[in-house]
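Listed below are the residues making up each chain.
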Amino acid sequence: MSPWKRLTLEEILSEPVRLVRERLLTHTGKEITYIYRPGPVAASFVLPVTEGATALLIRQYRHPTGKFLLEVPAGKVDPGETPMEAAKRELMEEVGAEAQSYLPLPPFHPQPSFTAVVFHPFLALGARRVGRPALEDGELLEPVEIPLAELYALLERGEVQDASTALTLFYARPHLKARGLL
């Protein structure tokens, strides 16, 4: 149960994402306005690792940053779909790959001050390309294959700028080391 009391709630945007404006009475008696993306919303992230100890990533244009960012394949969990199913689908859509096994990593809230979304990262082992990416309208990306040692050197130098990718790499590191892949 929330320690704050809702005074009003209004939807201010429904597409492409739902945003609400909520007027609240806080635990201190102060009235505040919160604008956020309510849940439940989920996305899956997948670090695909080949038997040759390389990662199948993407370099994707992110318009708000004006940059191409190095990222793990990721996307929204569709209605009726599990986070694992979404991870498999996104790996195929964005990289044209599949994997032999998937290891769920700890889920996390990427921006809890603005959204209720939960990100579900996975480590995909035995990944291999089996087809061509099937990109959605508005996606501008290129698949890239990077040796794991080089990828983690980029992470250590602060050159992996997408926070969700960086946290997925952080969570995957002990599993990769335990398997002798890193």
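The coordinates are above.
Here goes a summary of the coordinates provided. Sequence positions are assigned chain by chain, starting from 1 and proceeding in written order. Since the coordinates come from a predicted model, pLDDT governs what is reported: local features require at least 70, and pairs of side-chain atoms require 80 or more to be given and counted, while whole-chain, interface and lining totals use all residues. Water and hydrogen atoms were dropped before computing side-chain values, which therefore reflect all heavy atoms in the structure.

It is worth spelling out the side chain of Arg173 at this point. Each helix corresponds to a stretch of at least 4 residues labelled H or I by DSSP, and each strand to a stretch of at least 2 residues labelled E; elements are numbered beginning at the N terminus. You can see Arg173 is positioned in helix H3 (residues 163-178). We call two N or O atoms a polar contact when they sit within 3.5 Å, provided that within protein one can donate a hydrogen and the other can accept it, with sequence-adjacent residues counted only if both atoms are side-chain atoms. Engagement of the side chain of Arg173 in a polar contact is seen with the side chain of Glu156, the distance being 2.8 Å. With sequence-adjacent residues up to four places away left out, Arg173 is seen in contact with Tyr152, Leu155, Glu156 and Leu182. Any two residues having at least one pair of non-hydrogen atoms within 4.5 Å are treated as being in contact.

Turning our eyes to something else, we now look at the environment of Gly131. Along the chain, Gly131 falls in the loop between strand S11 (128-129) and strand S12 (141-147). For every residue, the accessible area obtained with a 1.4 Å probe (protein chains only) is divided by the maximum for its type, and the residue is called buried under 20%, exposed over 50%, and partly exposed between those limits. For Gly131, a relative accessible area of 36% translates into the label partly exposed. Gly131 sits 37 residues away from Thr168 along the chain, and the two C-alpha atoms are 24 Å apart. With residues near it in sequence (within four places) discarded, Gly131 still touches Val95 and Gly96.

Right, let's get into helix H2 (residues 148-156). Think of an α-helix as 3.6 residues a turn; residues three or four steps apart then line up on the same face. Taken together, the buried positions of H2 are Leu148, Leu151, Tyr152, Leu154 and Leu155. The arc enclosing the buried residues of H2, seen along the axis, measures out at 150 degrees, which places them on a common side. Across from the buried face of H2, at angles greater than 90 degrees, the exposed residues are Ala149 and Glu156. Lining the buried residues of H2 we find strand S4 (42-49), strand S5 (54-62), strand S6 (67-71), S12 and H3. This arc is taken over the directions from the axis of the helix to the C-beta atoms.

This part takes up the pairing of strand S10 (residues 118-125). Counting buried positions along S10 yields six of eight residues, so the element is predominantly enclosed. In this analysis, strands are considered paired if DSSP registers two or more bridges between them. In terms of strand pairing, S4 meets S10 through eight bridges, oriented parallel. Bridging from a neighbouring strand, Val49 pairs with Leu125 of S10. Of the strand pairs in this sheet, strand S9 (residues 101-104) and S10 are connected by four bridges, and their pairing is antiparallel. In the strand pairing of S10, Leu103 is matched with Leu123.

The next thing to look at is the sheet that holds strand S1 (residues 5-13). Spatial strand order, S1-S2-S3: three strands in an open sheet with antiparallel pairing. With one partner strand each, in any of the chains shown, S1 and strand S3 (31-36) form the two edges of the open sheet. Strand-to-strand twist across the sheet, computed as the mean angle between neighbouring axes with direction ignored, equals 20 degrees. Relative to strand S2 (residues 19-25), S1 runs antiparallel, the two being bridged by seven bridges. Note on S2: the bridge partner recorded for Leu13 is Leu19. Interaxial angle, 0 to 180 degrees, is taken between N-to-C directions of lines fitted to C-alpha atoms, where a helix line uses only the stretch in contact.

Here we come to the pattern of salt bridges. In what follows, salt bridge is the name for a side-chain nitrogen of Lys or Arg lying within 4 Å of a carboxyl oxygen of Asp or Glu. Under the definition given, this model contains 13 salt bridges. One salt bridge connects Asp78 with Arg89, and the closest N-O pair in it is separated by 3.5 Å. Within this pair, whereas Asp78 is found in the loop between strand S7 (74-76) and helix H1 (83-95), its partner Arg89 is found in helix H1, the two being separated by 11 residues in sequence.

For H1, with 13 residues, the first-to-last C-alpha span of 18 Å sits near the 18 Å given by 1.5 Å per residue. Listing the buried residues of H1 in full gives Ala86, Ala87, Arg89, Glu90, Leu91, Glu93, Glu94 and Val95. Once H1 ends, the next one or two residues include Gly96, with phi positive near 75 degrees. Expected span of a helix: the number of residues minus one, times 1.5 Å.

The step from Glu15 to Pro16 runs through a cis peptide bond, and the omega angle for that step is 5 degrees. As for its placement among the helices and strands, Pro16 is situated in the loop between S1 and S2. A positive phi angle, near 60 degrees, is found at Ala53, a position not held by glycine. Note on placement: Ala53 falls in the loop between S4 and S5. The exposure class of Ala53 is partly exposed, given its relative accessible area of 22%.

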